[in-house]
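Spelled out from the first residue to the last, the chains are:
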Amino acid sequence: MYSMPYQGRFDEFGGQYVPETLMNAILELDEAFHYYKDDPEFNKDFNKLLNEYAGRPSLLTFANNLTNELGGPKIYLKREDLNHTGSHKINNVLGQALLAKRLGKTRLIAETGAGQHGVATATVAAYLGMDCDVFMGREDTKRQALNVYRMELLGTKVHPVDTGTATLKDAVNEALREWTRKVSDTHYLIGSVMGPAPFPEMVRHFQSVISKEMKEQIIEAEGKLPAAVLACVGGGSNAMGAFYHFIDEPEVRLIGAEAAGRGIETPYTAASINTGTKGVFHGMHSIFNQDEQGQIAPVYSISAGLDYPGIGPEHAYLNKIGRAEYVPVTDDEAVNAFEVLSKSEGIIPAIESAHAVAHLLKTADEYSKDDSVIINLSGRGDKDVAAIARYRGKELYDD
Ligand SMILES: *Cc1c(COP(=O)(O)O)cnc(C)c1O
């Protein structure tokens, strides 16, 4: 059996590296999560939100044309792109917001880089009648003006952060500081399987609905387990959600596609497992892109959702024990896969998800014709169209 984390650790990874002033809030959250995750009333409310607001269960679509083009394996797409707000992020945000309400919190805070997690948090805050403040590096607010306006439309206040490099890691620091100031009424809603315990386990729990559904759907369609499950990895939440219920099925390969950017041999990469080293940041011990002094290094990927400079501790663990494989995929390969899936299946994937598609395009011959594989389509690609056009040398006006 896959061993459960012991005191918030996955072997050496994870932990709770936070200031003393946050320990009470972290312990309160830890206790509440472990109580409510098995509470029938809580699960009834959570499932109702997933079904009636997010639109679950999401479909498992057979990619007939792509399967024929590649000559096998049978390719299935888990359609997280069809969820409300267009990605898997809503699963986690609904779970944590509901838990925060049980704890009597009235306000959510979050940090966001590209704005996707900020928008998901703002959405749920609006729906559940909570206040919401989002911290975002000043540079990112300029690059992602559309998402800033979206959050404002949803009733959230966006705070540009000017410290450091004015990007995601600085927004993380600011959100942690703000949580320290306002722990009594505020929940810090972390958007991926990272941060101090219990966040990595909690976010994986709320996202594991993905593999729970996948398993039922693939057995229904094929009568057997898939040969592999593929997902893109930024912080690692959609991948953990897609992997979780298959971890104890050793015949199922678990493959995480990291953003290699311009290549793992260049400094323009965000592939943490392939290029990073062990360290402590964002309240956890894990693998990060960092310089020789241990400072978090700038990361790069065409995909804004994948350019976090680290990876969640459970992935660091699955990598260490060899249960999951982590492979680098470049911008070029991802853009190509973005176009291939759009033309072959009429589904425009998020550029993040296109990284997982790209890896299968490269490795289809590792499988037999009778095998099935599932690609977790973490989100839809409408948000990326202008950037892909620009990558191809075409300037659109509505970015
Ligand atoms: C945010 C995002 C990701 C990356 O986050 P993970 O925690 O690694 O899942 C991937 N795909 C989409 C569509 C996203 O919005």
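See above for the structure.
No experiment lies behind these values; they were computed from the predicted model shown.

Trainee: Help me understand the sheet that holds strand β7 (residues 157–161), please; the structure alone is not making it clear to me.
Mentor: Hydrogen bonds between backbone groups are what pair the strands of a sheet, and the pairing can be parallel or antiparallel. Read from one edge of the open sheet, four strands run β7-β6-β5-β8, paired in parallel fashion. Looking along the sheet, the strands with just one partner apiece sit at the ends: β7 and β8 (186–188). If you compare each strand with its neighbour and ignore which way they point, the axes differ by 20° on average. Relative to β7, strand β6 (residues 131–137) is paired through five bridges, and the arrangement is parallel. Across the sheet, residue F135 finds its bridge partner in β7, namely H159.

Trainee: Help me understand the pairing of strand β15 (residues 372–377) in this model?
Mentor: Side-chain direction in a regular strand flips from residue to residue, so the side chains alternate between the two faces of the sheet. Counting buried positions over the six residues of β15 gives six, a clear majority of the element. The alternating pattern of β15 places S372, I374 and N376 on one face and V373, I375 and L377 on the opposite face, and all of these are buried. Sheet topology places strand β4 (residues 74–79) next to β15; six bridges connect them, and they run parallel. Bridge pairing in β15 links L77 to I375. Note that strand β9 (residues 228–233) and β15 share three bridges and pair parallel. Counterpart to V229 in the pairing with β15 is I374.

Trainee: Help me understand the sheet that holds strand β10 (residues 253–261) in this model?
Mentor: Read from one edge of the open sheet, six strands run β3-β4-β15-β9-β10-β14, paired in mixed fashion. Lying at the two open borders of the sheet, with one neighbouring strand each, are β3 (60–62) and β14 (324–330). Averaged over all neighbouring strand pairs, the angle between strand axes comes to 25°, with direction disregarded. Packing against the sheet, helix α10 (residues 209–222) makes contact with β3, β4, β9 and β15, and its axis sits at approximately 145° to β4.

Trainee: Quick question: what am I supposed to make of a nonpolar patch on the surface here?
Mentor: Side chains of Y149, L153 and L154 sit close together on the surface and give an oily, nonpolar patch of about 330 Å² of accessible area. Within the secondary structure, Y149 sits in helix α7 (residues 145–153). Classification of Y149 as exposed rests on a relative accessible area of 52%.

Trainee: Sorry if this is basic, but what is going on with the environment of L341 here?
Mentor: Residue placement: L341 occurs in helix α14 (residues 331–345). Spatially, the C-alpha atom of L341 lies 7.5 Å from that of L66, the residues being 275 residues apart in sequence. With near-sequence residues (within four places) excluded, L341 lies in contact with L66, L77, G346, I347, P349, V357 and L377.

Trainee: Please clarify how the site of the ligand should be interpreted in this entry.
Mentor: In the region of the ligand, 18 residues are neighbours, and K89, Q116, S192, G234 and S237 sit closest. Measuring from an oxygen atom of the ligand, one finds a backbone N or O atom of G235 at 3.2 Å. Between the ligand and G236, the relevant distance is 2.8 Å, taken from an oxygen atom to a main-chain nitrogen or oxygen of the residue. Burial of the ligand by the protein amounts to 96% of the accessible area it has alone, namely 380 Å². Listed by contribution, the elements that provide at least two residues to the shell around the ligand are β9 and α11 (237–243). Across the shell around the ligand, the residue classes break down as four nonpolar, 12 polar and two charged.

Trainee: Looking at this structure, how should I read the packing of helix α1 (residues 20–36) against helix α8 (residues 168–181)?
Mentor: The angle between the axes and the distance between the axes are what describe a pair of packed helices. Closest axis-to-axis distance for the α1/α8 pair is 9 Å, and the angle between their directions is 80°. Here α1 is positioned roughly perpendicular relative to α8, judged by the angle of their axes. In this structure, α1 uses T21, L22, A25 and I26 to contact α8, whose residues at the interface are L176, W179 and T180. For the contact of α1 with α8, the per-class residue count stands at five nonpolar, two polar and no charged.

Trainee: Can you walk me through the side chain of H355 in this structure?
Mentor: As for its position among the elements, H355 is in helix α15 (residues 351–363). For H355, a relative accessible area of 0% puts it in the buried group. With residues near it in sequence (within four places) discarded, H355 still touches C232, A257, E258, A259, S301, S303, L306, V329, T330 and A334.

Trainee: Mind showing me how you'd approach the pattern of salt bridges here?
Mentor: A side chain with one charge may pair with a side chain of the opposite charge, provided their charged atoms come close. All told, the structure shown has 33 salt bridges when counted by the stated rule. Across the pair D11 and K320 runs a salt bridge whose closest N-O atoms are separated by 3.0 Å. On the criterion of sequence distance, the pair formed by D11 in the loop between β1 (9–10) and β2 (13–14) and K320 in helix α13 (residues 313–320) is long-range, its members being 309 residues apart. Overall, D11 belongs to the partly exposed group, its relative accessible area being 43%. The salt bridge partner of R56 is E80, with a shortest N-O separation of 2.8 Å. Note that R56 is positioned in the loop between α2 (40–54) and β3 and E80 in the loop between β4 and α4 (89–102), a separation of 24 residues in sequence.

Trainee: Looking at this model, I keep getting lost on the packing of aromatic side chains. Mind explaining?
Mentor: Per the stated rule, a full pass over the model turns up 13 aromatic pairs. Plain terms: the ring middles of F42 and F206 are 6.4 Å apart, the flat faces sit at 40° to each other, and that makes the pair tilted. With F42 in helix α2 and F206 in helix α9 (residues 199–207), this residue pair connects regions lying 164 residues apart in the sequence. For the pair shown, F42 and F206 are each scored as buried. Here the aromatic rings of F281 and F288 are separated by 5.9 Å at their centres, their planes lie at 90°, and the arrangement is edge-to-face. Through pairs of rings, three or more aromatic residues link up here, namely F33, Y35, Y36, F42, F46 and F206.

Criteria and cut-off values
Residues numbered from 1 in each chain as written. Predicted model: local features only at pLDDT ≥ 70, side-chain atom pairs only at ≥ 80, totals over all residues. Heavy atoms only, no water. Pairing = 2+ DSSP bridges. Helix = DSSP H or I, 4+ residues; strand = E, 2+ residues; numbered from the N terminus. Axes fitted to C-alpha atoms, helices over the stretch in contact; angles between N-to-C directions. Buried < 20%, exposed > 50% of the residue type's maximum accessible area, 1.4 Å probe, protein only. Contact = heavy atoms within 4.5 Å. Patch = residues over 30% accessible without salt bridge, like charges linked within 9 Å, V, L, I, M, F, W, Y side chains within 5 Å. Areas by Shrake-Rupley, 256 points an atom, 1.4 Å probe, with all protein chains shown as cover. Salt bridge = Lys/Arg side-chain N within 4 Å of Asp/Glu carboxyl O. Near = heavy atom within 4 Å. Polar contact = N/O pair within 3.5 Å; in protein donor to acceptor, adjacent residues only side chain to side chain. Nonpolar A, V, L, I, M, F, W, Y, C, P; charged D, E, K, R; others polar. Parallel < 35°, antiparallel > 145°, perpendicular 65-115°, else oblique. Phe/Tyr/Trp six-rings, centres within 6.5 Å; stacked < 30°, edge-to-face > 60°.

Note that every value here comes from positions in space, so none of it alone points to a role or purpose.
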